[in-house]
Amino acid sequence: WSYTKMARRAQDWATVAVAAIAERSNGSIGKASIGLTNMGATPLRAAAAEAAIAGGESIEDASAFASDDTEPSSDQMASADFRRHLARVLTRRALEEAVAR
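Described in the following lines is the structure provided in the data block.

The next thing to look at is the overall build of the protein. In terms of regular secondary structure, the protein is built from 3 helices and 4 strands. Element order for the protein, N to C, with α for helix and β for strand: β-β-β-β-α-α-α. Here the C-alpha atoms of the protein give a radius of gyration of 13 Å, agreeing with the 13 Å that 2.2 N^0.38 yields for 101 residues. Considering only C-alpha atoms, the protein reaches an extent of 45 × 25 × 20 Å along its principal axes. Partitioning the contacts of the protein with sequence separation of at least 6, the portion at a separation of at least 24 is 44%. Entry remark: accessible area of the protein is about 6,000 Å², with carbon and sulfur atoms responsible for 49%. If the 12 positive side-chain charges of the protein are averaged to one point and the 13 negative ones to another, these points end up 7 Å apart.

Looking now at the sheet that holds strand β3 (residues 28–37). Pairing is antiparallel in the open sheet, where 4 strands are placed in the order β1-β2-β3-β4. The strands lining the two open edges of the sheet, one partner per strand, are β1 (2–6) and β4 (44–45). Most of the contacts of helix α3 (residues 80–100) go to strand β2 (residues 16–25), to which it runs at about 35°, and overall it touches β1, β2 and β3.

With that settled, consider the side chain of T4. Within the secondary structure, T4 is located in strand β1. The exposure class of T4 is buried, given its relative accessible area of 18%. In this view, T4 contacts V16, A17, V18, L90 and A94; residues no more than four positions away in its chain are not counted.

The terminal C-alpha atoms of α3 lie 30 Å apart, and with 21 residues this matches the ideal 30 Å at 1.5 Å per residue to within 8%. The set of residues buried in α3 consists of A80, R83, L86, A87, V89, L90, T91, A94, L95 and A98. Contact partners of the buried residues in α3: β1, β2, β3, α1 (47–54) and α2 (59–63).

There is a patch of nonpolar side chains on the surface, built from W1, Y3 and I21 and spanning about 380 Å² of accessible area. With respect to the secondary-structure elements, Y3 resides in strand β1. Residue class for Y3 comes out partly exposed when judged on its relative accessible area of 48%.

This paragraph deals with the nonpolar core. Among the nonpolar cores identified, the biggest contains 22 residues, and V16, V18, I29, I34, L36, I53 and L95 are the most heavily contacted of them. Secondary-structure elements contributing two or more residues to this core are β2, β3, α1, α2 and α3. In terms of residue count, the dominant contributor to this core is α3 (6 residues). Not counting the four nearest positions on each side in its chain, V18 is found in contact with S2, Y3, T4, I34, G35, L36, A87, L90, T91 and A94.

Time to look at unusual backbone geometry. The backbone of N38 sits at a positive phi, close to 65°, despite the residue not being glycine. Considering the arrangement of structural elements, one finds N38 in the loop between β3 and β4. Exposure remark for N38: the relative accessible area of 35% places this residue in the partly exposed category. Not every positive phi belongs to a glycine, and D69 is a case in point at roughly 60°. On the accessibility criterion, D69 (76% relative accessible area) is exposed.

About the cut-offs
Counting of residues starts from 1 at the beginning of each chain's written sequence and follows it residue by residue. Side-chain atom pairs in this predicted model are given and counted only at pLDDT of 80 or more, local residue features only at pLDDT of at least 70, and totals for whole chains, interfaces and linings cover all residues. Heavy atoms from the whole structure form the basis of all side-chain values; hydrogens and water molecules are not counted. Strands here are runs of E lasting at least two residues and helices are runs of H or I lasting at least four, both read from the DSSP assignment and numbered beginning at the N terminus. Only C-alpha atoms enter the radius of gyration; for comparison, a globular chain is expected to reach 2.2 Å times N to the power 0.38, where N is the number of residues. We call two residues in contact when some of their heavy atoms are within 4.5 Å. Shrake-Rupley sampling with a 1.4 Å probe provides the accessible areas, and residues are treated as covered by the protein chains on show and by no other component. When charges are tallied, Lys and Arg are placed among the positive residues and Asp and Glu among the negative ones, while His and the ends of the chain are skipped. Here the site of a charge means NZ on Lys, CZ on Arg, CG on Asp, or CD on Glu. Two strands pair under a simple rule: DSSP has to find at least two bridges between them. Each axis is a line fitted through C-alpha atoms, taken for helices only over the stretch in contact, and angles between the N-to-C directions span 0 to 180 degrees. Type-normalised accessible area, obtained with a 1.4 Å probe on protein chains alone, sets the label of each residue: buried when under 20%, exposed when over 50%, and partly exposed for intermediate values. Each residue after the first adds 1.5 Å to the expected span of a helix. In this scheme, patches are assembled from residues that exceed 30% relative accessible area and form no salt bridge. Like charges are connected within 9 Å, while nonpolar side chains (Val, Leu, Ile, Met, Phe, Trp, Tyr) are connected within 5 Å. In the sections that follow, a salt bridge refers to a side-chain nitrogen of Lys or Arg positioned within 4 Å of a carboxyl oxygen of Asp or Glu. What makes a nonpolar core is a set of buried Ala, Val, Leu, Ile, Met, Phe, Trp, Tyr and Cys residues whose side-chain atoms join them at distances within 4.5 Å.

Structure follows, in C-alpha cells:
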C-alpha cells in the first residue's frame with residue numbers, strides 16, 4: 001500500500017492525492033486498486049490505470065491512464081491540467097512504493 005499527496009505545506013489539503021494497494025503475482029503486479037482525491041467532485045478510482053495493470057502494463061505505462069475519466073477543477077492552487085499531470089506522477093510513485101513494501 002502507499003499514500004502520497006502533493007500539497008503546498010504539509011498541513012494543507014492535498015492538491016492531488018493517490019492511495020494505492022498493489023498485489024504482487026509472480027514478480028509483477030497482479031492487481032492494483034488506486035484511489036484519487038481532488039480529481040473530481042468526489043474521490044475517484046483510477047479505473048483505467050487499474051485495468052492497465054491487470055492487463056500486464058508496466059507501472060509507468062499504467063500510470064499514464066490515471067487521469068482518464070476525471071474532471072478536476074482549476075483553482076488558485078492548481079489548474080485542471082496540472083492536477084491531471086500530478087495524478088499521473090503520484091500514481092506512478094504510489095505504485096512503486098506499494099510494490100517495494
